[in-house]
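Structural overview
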Amino acid sequence: MEHFRTDRLIARDWRTADAPGAFAIYGRDEVMRWLGPQPRVPVPSLEQMRVRLDAMAERAAAEPDYGLWPFELRSTGELIGAVLLQPLPATEQVEIGWHLNPDHWGQGYATEAARGALGLAFGARGLDRVVAVVDPDNVRSLAVCRRLAMTHLGQTGDYYGLTLELFELTRDRSVQAPAGW
Ligand SMILES: CC(C)(COP(=O)(O)OP(=O)(O)OC[C@H]1O[C@@H](n2cnc3c(N)ncnc32)[C@H](O)[C@@H]1OP(=O)(O)O)[C@@H](O)C(=O)NCCC(=O)NCCS
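Let me begin by describing the structure that accompanies this report. All figures in this text were calculated on a predicted structure; none of them were measured in a lab.

A few words on the nonpolar core. Core analysis: the largest hydrophobic core is formed by 34 residues, its most contacted members being F71, I96, W98 and M150. Elements supplying a minimum of two residues to this core: strand 2 (9-12), strand 3 (67-73), strand 4 (79-87), strand 5 (94-100), helix 4 (109-122), strand 6 (129-134), helix 5 (139-147) and strand 8 (164-170). With nine residues, helix 4 is the single largest residue contributor to this core. Setting aside anything within four residues of it in sequence, one finds M150 in contact with I96, W98, V130, V131, A132, C145, F167, E168 and L169. With 15 residues, the next largest nonpolar core counts I25, Y26, M32 and L53 among its residues.

What helix 1 (residues 19-26) keeps buried is the set A19, G21, A22, I25 and Y26. Taken end-on, helix 1 shows its buried residues confined to a sector of 160 degrees, consistent with a single buried face. Against the buried residues of helix 1 lie helix 2 (29-32), helix 3 (46-62), strand 3, strand 4 and strand 5.

Turning our eyes to something else, we now look at the pattern of salt bridges. Two side chains with opposite charge may pair up if their charged atoms get near one another. A full pass over the atoms with the stated rule returns 10 salt bridges. In this structure, E30 engages R28 in a salt bridge whose closest nitrogen and oxygen atoms are separated by 3.3 Å. By relative accessible area, E30 is classed as partly exposed at 32%. Between R50 and E47 there is a salt bridge, with the nearest N and O atoms lying 3.4 Å from each other. Taken together, the positions of R50 and E47, both in helix 3 and three residues apart, correspond to about one turn of that helix.

Procedures and definitions
- Along each chain, residues carry numbers from 1 onward, in the same order as the chain's sequence is written.
- A pLDDT threshold of at least 70 governs which residues receive local features in this predicted model, and a stricter bar of 80 or more applies before side-chain atom pairs are shown or counted, although totals over entire chains, interfaces and linings include all residues.
- Note: side-chain values were computed over all heavy atoms of the structure, leaving out hydrogens and water.
- By nonpolar core is meant a set of buried Ala, Val, Leu, Ile, Met, Phe, Trp, Tyr and Cys residues that side-chain atoms within 4.5 Å join together.
- Per-residue accessibility, obtained with a 1.4 Å probe over protein chains only, is compared with the maximum for each type, and a residue is labelled buried under 20%, exposed over 50%, and partly exposed between these values.
- We count a stretch as a helix when DSSP gives it H or I for four or more residues in a row; a strand needs E for two or more, and each element gets its number in order from the N terminus.
- Residues count as neighbours in contact if any of their non-hydrogen atoms are within 4.5 Å of one another.
- Throughout, the arc means the angular range of directions from the helix axis out to the C-beta atoms.
- We count a salt bridge whenever a side-chain nitrogen from Lys or Arg sits within 4 Å of a carboxyl oxygen from Asp or Glu.

This is how it looks when you write it as structure tokens:
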């Protein structure tokens with residue numbers, strides 16, 4: 001199922017055939033070092049990626065409104081990243097996040113995918129507020145938050161057992177934010 005599309009991207013559900021594309025993201029230290037609680041190690045093999053993909057697809061099917069969705073380039077169909085829109089554990093807040101194959105960094109794809117997901121969040125999902133939590137040293141991800149005109153609320157230790165920078169975007173601010181980058 002397709003979740004949203006932007007000028008250059010389509011976000012959709014995972015497919016079995018996505019294992020190599022997913023491995024090109026989650027098999028990379030440049031990506032995994034920033035994700036979730038310790039230990040942050042890359043997925044070790046394509047076979048392991050297949051197993052995790054099955055679990056990810058199962059989770060997505062159980063909660064279709066939210067989740068971690070891959071996005072592909074409309075021009076080539078290549079899977080280059082994933083965007084998440086999901087409840088922050090043990091809260092009523094919805095978190096947005098982005099994971100991009102390092103070969104495709106620096107072209108605005110993460111920001112574009114996030115804008116698509118925010119359109120869904122403030123549109124069809126009817127949310128008033130979305131948050132992001134980012135490692136204080138994750139300069140590229142902090143820059144995505146700024147490009148999205150998210151408001152920095154300071155550091156928090158409330159999530160994932162980590163010290164993280166907390167950002168929010170409200171529906172009102174999202175509507176007012178400039179479209180450029
Ligand atoms: C965080 C992450 C997704 C950011 O990727 P990114 O490519 O830097 O971010 P974007 O896709 O928004 O691209 C922005 C860059 O593209 C440039 N760009 C080019 N065309 C652009 C466009 N049309 N729109 C926006 N930016 C554009 C920007 O100037 C910026 O360049 P810069 O890095 O030289 O400043 C990526 O580093 C990543 O996957 N990291 C590992 C996972 C991770 O940390 N996730 C977040 C956990 S909180």
